[in-house]
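Residue strings, one per chain:
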Amino acid sequence: MDTHELLFLNAYGREKWGEPGARKCWQVLQKGQTGPCAFCTNPLLVDEQGVPIGVHRWEFRNTLTGRWYQCRDQATRWPDGHLVRIEIATDISDIKDLQDQLTQAQRQAEQLANEDALTGLANRRALFALGNAALEQARRQRHPVALISLDADHFKQINDRFGHAGGDAVLRALAGVLKQHTRAADVAARLGGEEFAILLPATGLDEARELAERLRAKIEALRLSHGKETIQVTCSFGVTASQNGEASLDLLLNTADIATYRAKSTGRNRIEDQGWVQIGS
């Protein structure tokens, strides 16, 4: 343990790292080291008087082979009386790979649970999770929060004429417009079918209406090629806002839905403003 001379390797060790050849352990087992490794466990194996204190277990990725090992280190006396470290290292690379795959799969599952698979927008679950957090922050900071709802006009006719592939292309195109024209702090979500919503933190009613008009114009200008035909689509919009984040997300959605329905019933491809949500009025 004082000289770091490598005394013995079993057959597995010799296959992976070669013969010890009276070299230092960091010269054989690792790469890029000019002296004892910074992660050497020797100091952890003895007490202040240099007396062995038992087994130390740890995991690390070998710098030479790139393999993961679970190590069992212990200080003991060599037959000549010198204090040495015995390390039993078990290759756990396959286990680590499996753990990484499971972690990745879990992250993908979490993403899918919060993301609309067709459009890549947030889904209803994510809108409520992120939206409630945004409203709580707005209440603390006394900031307004706006909400825009939009619904594709005559979407059933699009599906009937162009099939579900055409309808899906329209939904993806609408999502693309929303992504392009909203901020990172905004939450654009597909609520289901052809219904979408955008939550706008720190945004007043006038700003929300201006954004809705930009989105309406961009969507109206869309031209989607589908075989030899071109698909056009428009949306009807409803806009509302909460002065200080005091309204619930359910209330904002319901209020914006009322405005969207009015936009549809009065001609479609238009915006209706439901005004500020009034609590207790």
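Small disclaimer: the values here were computed from a predicted structure and weren't measured.

## Quick word on the overall build of the protein chain
Move 1: What the protein chain contains, in helices and strands, is seven helices and 10 strands.
Move 2: The C-alpha atoms of the protein chain give 32 Å as radius of gyration, which overshoots the globular expectation for 281 residues (19 Å, by more than 25%).
Move 3: For the protein chain, the spread of C-alpha atoms along the principal axes amounts to about 95 × 55 × 25 Å.
Move 4: Classification of the 281 residues of the protein chain by burial places 40% in the buried group.

## Things to note about the packing of aromatic side chains
Move 1: Evaluation of the coordinates by the stated rule reveals six aromatic pairs.
Move 2: Aromatic pair Y12 and W17: ring centres 6.4 Å apart, planes at 70°, arrangement edge-to-face.
Move 3: Residue class for Y12 comes out partly exposed when judged on its relative accessible area of 30%.
Move 4: We classify W17 as buried; its relative accessible area is 14%.
Move 5: An angle of 20° between the planes, with centres 4.8 Å apart, marks the rings of W58 and F60 as stacked.
Move 6: Clustering of aromatic rings is evident, with ring pairs tying together Y12, W17, F39, W58, F60 and Y69.
Move 7: In this arrangement the basic side chain of K96 is found over the ring face of W68, its NZ or CZ atom lying 4.5 Å from the centre.

## So, the pattern of salt bridges
Pairs can form between side chains of opposite charge whenever their charged atoms are close.
Move 1: Scanning the entire structure with this criterion turns up 15 salt bridges.
Move 2: The salt bridge involving D91 is made with R67; its shortest N-O contact spans 3.1 Å. Taken together, the residues span a long stretch of sequence, with D91 in strand 3 (residues 83-91) and R67 in the loop between strand 1 (56-61) and strand 2 (68-77) at a distance of 24 residues.
Move 3: Exposure remark for R67: the relative accessible area of 30% places this residue in the partly exposed category.
Move 4: The salt bridge partner of E136 is R139, with a shortest N-O separation of 3.3 Å. Taken together, the positions of E136 and R139, both in helix 4 (residues 124-141) and three residues apart, correspond to about one turn of that helix.
Move 5: We classify R139 as partly exposed; its relative accessible area is 32%.
Move 6: Each of E136, R139 and R140 takes part in one network of salt bridges that share partners.

Rules used throughout
- Residues numbered from 1 in each chain as written.
- Predicted model: local features only at pLDDT ≥ 70, side-chain atom pairs only at ≥ 80, totals over all residues.
- Heavy atoms only, no water.
- Helix = DSSP H or I, 4+ residues; strand = E, 2+ residues; numbered from the N terminus.
- Rg over C-alpha atoms; globule rule 2.2 N^0.38 Å.
- Buried < 20%, exposed > 50% of the residue type's maximum accessible area, 1.4 Å probe, protein only.
- Phe/Tyr/Trp six-rings, centres within 6.5 Å; stacked < 30°, edge-to-face > 60°.
- Lys NZ or Arg CZ within 6 Å of the ring centre and 35° of its normal.
- Salt bridge = Lys/Arg side-chain N within 4 Å of Asp/Glu carboxyl O.

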